[in-house]
Amino acid sequence: MRVTVRLFARLRDIAGTGDLSREAQAGATVRDVWQGLVTEFPEMARYESSISSAVNADYARMTAGVSDGDEIAFLPPVSGG
Amino acid sequence: MKPIAVTADVLELEPLIRLVSNSGHGAVATFIGLVRDNNVDRRVTHLVYDAYEPMALKALAQICQEADREWPGVRLAVHHRVGHLAIGEASIVIAAASAHRSAAFAACRYVIERVKQIVPIWKHEFFQGGEAWIEGATANPEDEAARLEAVRRACA
């Protein structure tokens, strides 16, 4: 299955784009998608303990399952206001 | 005019005040966040705000619902700017109306504290000699301790 990956702020800078399409195995979790990204972009590893994640624009845990066509977002610590 | 917005347009407070106010309200508290020209010894030239817009709108709506539970009857409006902001421009405007001043002040403060905790918006700071993404709180809307800290600050 394929998922869309959305990246923001520094994570987007590291990837060079905020919008990626990636293959995911059946039964994959948000964490699996993240680990794929870290393999591809090792510089993202230092965000492991500080990111939040979302599935289809709702906060989701790293253990949440993903489905074909989902939009998975990884959010560095926020700084609005 | 919507009570909640994430927009690249210049922010205006007056329409938000009109939106939240009604004849039963004795108080409107407001907050304007401004881009300042300095941050930790850096001379800031401008900011660029990035947002995950659909999610930011949901998070702002959640914050307003939380505030309504804490201070029943308070009416809120909050607009956050994104894109390029010059020094002195408003990055966020909040209006909170209530029958009495204590709830209006508290709800207004609560909204800005929670925005800094859970709304997926990021500040890219450009300063003399470089640039940096500002990284504040790890966003977790289920973190009850963080929410209670926002309530505590709101009521301080």
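A brief report on the enclosed structure follows. Computed from a predicted structure; not experimentally measured. (Residues numbered from 1 in each chain as written. Chains lettered and ligands numbered in written order. Predicted model: local features only at pLDDT ≥ 70, side-chain atom pairs only at ≥ 80, totals over all residues.)

**Regarding the environment of B:Glu53**
Then, number 1: Along the chain, the position of B:Glu53 falls in helix α2 (residues 53-70).
Then, number 2: For the pair B:Glu53 and B:Ala106, spaced 53 residues apart in sequence, the C-alpha to C-alpha distance is 26 Å. (Helix = DSSP H or I, 4+ residues; strand = E, 2+ residues; numbered from the N terminus.)

**Structural notes on helix α3 (residues 101-118) of chain B**
Then, number 1: Taking 1.5 Å of rise per residue, the 18 residues of α3(B) would be expected to cover 26 Å, and the 26 Å separating its terminal C-alpha atoms lies within 8% of that figure.
Then, number 2: When you tally the buried positions in α3(B), you get 14 out of 18 residues, the bulk of the element. (Expected span 1.5 Å × (residues − 1). Buried ≥ 20, exposed ≤ 12 C-beta atoms within 10 Å, placed from the backbone.)

**Quick word on the pairing of strand β3 (residues 52-55) of chain A**
Residue and element names in this part refer to chain A.
Then, number 1: Judged from the four bridges that link them, β3 and strand β5 (residues 71-75) form a sheet pairing that is antiparallel. Note that in β5 the partner of Ser 52 across the bridge is Leu 75.
Then, number 2: Summarising the sheet, β3 and strand β4 (residues 58-60) pair through three bridges and their orientation is antiparallel. Along β4, the bridge assignment pairs Ser 53 with Ala 60. (Pairing = 2+ DSSP bridges.)

**A closer look at α2(B)**
Then, number 1: In this model α2(B) runs 26 Å from its N-terminal to its C-terminal C-alpha over 18 residues, within 8% of the 26 Å that 1.5 Å per residue would give.
Then, number 2: Among the residues of α2(B), B:Met55, B:Ala56, B:Ala59, B:Leu60, B:Ile63, B:Cys64 and B:Ala67 are the ones counted as buried.
Then, number 3: Its buried side turned inward, α2(B) meets β3 of chain A together with β1 (4-7), β4 (42-51), β5 (75-81), α3 and β8 (121-127) of chain B. (Contact = placed C-beta atoms within 7 Å.)

**A word on the sheet that holds strand β7 (residues 90-98) of chain B**
All names here are of chain B.
Then, number 1: With mixed pairing, the four strands of this open sheet are ordered in space as β1-β5-β7-β2. The strands lining the two open edges of the sheet, one partner per strand, are β1 and β2 (27-34). Averaged over all adjacent pairs, the angle separating strand axes in this sheet is 5 degrees, with direction ignored.
Then, number 2: Summarising the sheet, β1 and β5 pair through four bridges and their orientation is parallel. Bridge pairing in β5 places Thr 7 opposite Arg 81.
Then, number 3: Taken strand by strand, α2 contacts β1 and β5, and its axis lies near 150 degrees from that of β1.
Then, number 4: In the packing of α3 onto the sheet, the strands contacted are β2, β5 and β7, and the crossing angle to β7 comes to about 150 degrees. (Axes fitted to C-alpha atoms, helices over the stretch in contact; angles between N-to-C directions.)

**Here we look at the interface of chain A and chain B**
As a measure of interface size, the accessible area lost when the parts come together is often cited.
Then, number 1: With 17 residues of chain A at the interface, the matching set in chain B holds 26 residues.
Then, number 2: Listed by contribution, the elements that provide at least two residues to the side of chain A that touches chain B are α1 (9-15), β3 and β5 of chain A.
Then, number 3: Across the side of chain A that touches chain B, the residue classes tally to ten nonpolar, five polar and two charged. (Nonpolar A, V, L, I, M, F, W, Y, C, P; charged D, E, K, R; others polar.)

**Thoughts on unusual backbone geometry**
Then, number 1: Even without being a glycine, A:Ala9 presents a positive backbone phi close to 50 degrees.
Then, number 2: As for its position among the elements, A:Ala9 is in helix α1.
Then, number 3: For A:Ala9, a count of 26 C-beta atoms within 10 Å puts it in the buried group.
Then, number 4: Positive phi outside glycine occurs at B:Asp41, with the angle close to 70 degrees.
Then, number 5: Take B:Asp41: it is sitting in the loop between β3 (38-39) and β4.

**Concerning the nonpolar core**
Then, number 1: The biggest cluster of nonpolar side chains holds 65 residues, and the ones touching the most others in it are A:Val33, B:Leu76, B:Ala96, B:Ala107 and B:Val111.
Then, number 2: No other element matches α3(B), which puts ten residues into this core.
Then, number 3: Those residues in contact with B:Leu76 that sit more than four places away from it in its chain are B:Pro3, B:Val20, B:Cys64, B:Ala67, B:Ala96, B:Ala107 and B:Val111. (Core = buried A, V, L, I, M, F, W, Y, C linked by C-beta atoms within 7 Å.)

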